[in-house]
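Fold and geometry: a report
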Amino acid sequence: MPTRQKQTKKTGKSRRNGKPVKHKQLTPGQWFEKLVAVQARLRAPNGCPWDREQTHQSLRTYLIEEAYEVLEALESGNDAKFAEEMGDLLLQIVFHSQIAREEGRFTVAEVVREIHDKMIRRHPHVFGKTHAKDSAEVLRNWEQIKAEERRSGGKKSDSETGDGVPQEVSLLDGVSQALPATLEGLQLTRKASRIGFDWEDADGVFEKMKEETEELKRALTEQKHLKMEEELGDLLFAAVNLSRFLKIDPEIALKKANAKFSRRFRAMEELARRKGREFKDLPREQMEAFWDAAKKSERKPRLPEISGTQTKQ
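Note that the coordinates shown come from a computational prediction; the quantities given were computed from them, not determined experimentally. (Residues numbered from 1 in each chain as written. Predicted model: local features only at pLDDT ≥ 70, side-chain atom pairs only at ≥ 80, totals over all residues. Heavy atoms only, no water.)

1. What about the overall build of the protein chain?
Along the backbone of the protein chain there are 13 helices and two strands. Counting the 313 residues in the protein chain, one finds 28% classified as buried. Residue pairs in contact within the protein chain that sit at least 24 positions apart in sequence constitute 49% of those at least 6 positions apart. When the accessible surface of the protein chain is split by element, carbon and sulfur atoms take 55% of a total near 22000 Å². (Helix = DSSP H or I, 4+ residues; strand = E, 2+ residues; numbered from the N terminus. Buried < 20%, exposed > 50% of the residue type's maximum accessible area, 1.4 Å probe, protein only. Contact = heavy atoms within 4.5 Å. Areas by Shrake-Rupley, 256 points an atom, 1.4 Å probe, with all protein chains shown as cover.)

2. Some words on the packing of helix α9 (residues 181-193) against helix α11 (residues 225-245)
Relative to each other, α9 and α11 sit at 60°, their axes nearing to 9 Å. Overall, the two elements α9 and α11 adopt an arrangement that is oblique. The chirality of how α9 crosses α11 is right-handed. When α9 is examined against α11, the residues Thr-182, Gly-185, Leu-186, Thr-189, Arg-190 and Ser-193 are found in contact with a partner set consisting of Phe-237, Val-240, Asn-241, Ser-243 and Arg-244. Classifying every residue of the contact of α9 with α11 gives three nonpolar, six polar and two charged. (Axes fitted to C-alpha atoms, helices over the stretch in contact; angles between N-to-C directions. Parallel < 35°, antiparallel > 145°, perpendicular 65-115°, else oblique. Left-handed = near helix turned anticlockwise from the far one by under 90°. Nonpolar A, V, L, I, M, F, W, Y, C, P; charged D, E, K, R; others polar.)

3. A few points about the packing of aromatic side chains
Any aromatic ring pair is given by two values, namely how distant the centres are and how the planes are angled relative to each other. Taken as a whole and judged by the stated rule, the model has five aromatic pairs. Where Trp-50 meets Phe-95, the ring centres are 6.4 Å apart and the plane angle is 65°; that geometry is what we call edge-to-face. In this pair, Trp-50 is assigned in helix α3 (residues 49-53) and Phe-95 in helix α5 (residues 79-102), connecting sequence segments 45 residues apart. Note on Trp-50: relative accessible area 5%, which makes it buried. Assessed through its relative accessible area of 1%, Phe-95 is described here as buried. Counting every residue linked through ring pairs, the aromatic cluster contains Phe-261, Phe-265, Phe-279 and Trp-291. (Phe/Tyr/Trp six-rings, centres within 6.5 Å; stacked < 30°, edge-to-face > 60°.)

4. Structural notes on the confidence of the model for the protein chain
The predicted coordinates of low-pLDDT regions are not to be read in fine detail. Across the protein chain, pLDDT averages 84, with 83% of residues at or above 70. Long-range and interchain partners of residues 154-162, a stretch whose pLDDT sits below 50, account for 11 contacts in this model, where long-range means more than four residues apart. (pLDDT = per-residue confidence, 0-100.)

5. Side note on the packing of helix α2 (residues 28-43) against α5
α5 packs onto α2 with a crossing angle of 55° between their chain directions and a minimal axis gap of 10 Å. For the element pair α2 / α5, the angle class is oblique. Judged by the sense of rotation from one axis to the other, the crossing of α2 with α5 is right-handed. On α5, the residues that touch Phe-32, Leu-35, Val-36, Gln-39, Ala-40 and Arg-43 of α2 are Leu-90, Leu-91, Val-94, Phe-95, Gln-98, Ile-99 and Glu-102. In the contact of α2 with α5, the residues fall into nine nonpolar, two polar and two charged.

What follows is the structure, given as structure tokens:
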């Protein structure tokens, strides 16, 4: 039953006979306990077969999907949708916690307690006697506290080698290699910047991107595939570093660029159909003209008519 997640999503407020149903005034904690109880019931022997079949591994895709849907809802400006999608994401936390409880590993109470204690511990300027003059100092203190936690916690270091021999603690410990490449690069450069390893201004990053572009061109001339791959990676890493410097999430920026390309490409296909043609059969010059028309149409309520041939910017 792989589509269950989408089949069970609510469309807004509960309704009875076409009218919204008023919920009892409960505290966030009471609603959370009710949600935990619902998931426990679904996982019970007489619960839902689909829920009972799920494992931490099988739920991985849903966790990622729900996180991206939260971002999409945030961008939409629809508060009801935003709240709904955050509820779906919260369900994933409760779901994983319920499975862990059944396996005797930890409970949802421990999950909440861990983040509660961590937030207090890492904000000594609020809950303790430490002072922080600005957000930059807050972030530096945050990284220092994390490093101290790793040293004193007796936990396996994130930088431990495969043969069990621990390496020196690094400021980059804690950056998960399971992250999408852009987010991993963002976190790596962010951590480095918090201790002052950063460019003075954006011009330095632009120069680095120019340098990496030239190196990629040279690798292309030499037709060395592995070298091209390396240099392209360096260029992408520099672009991610620039996004971090500009305080822009590269994953979100790229998602928006992907959506924009998809929107314009579909508009080009529609323009071709209006002229009784298949877009794939058009000559390159006509495709370019349709691209410009699709760009212009985003500022107009209807797609324009095509005349002449233009060049994509």
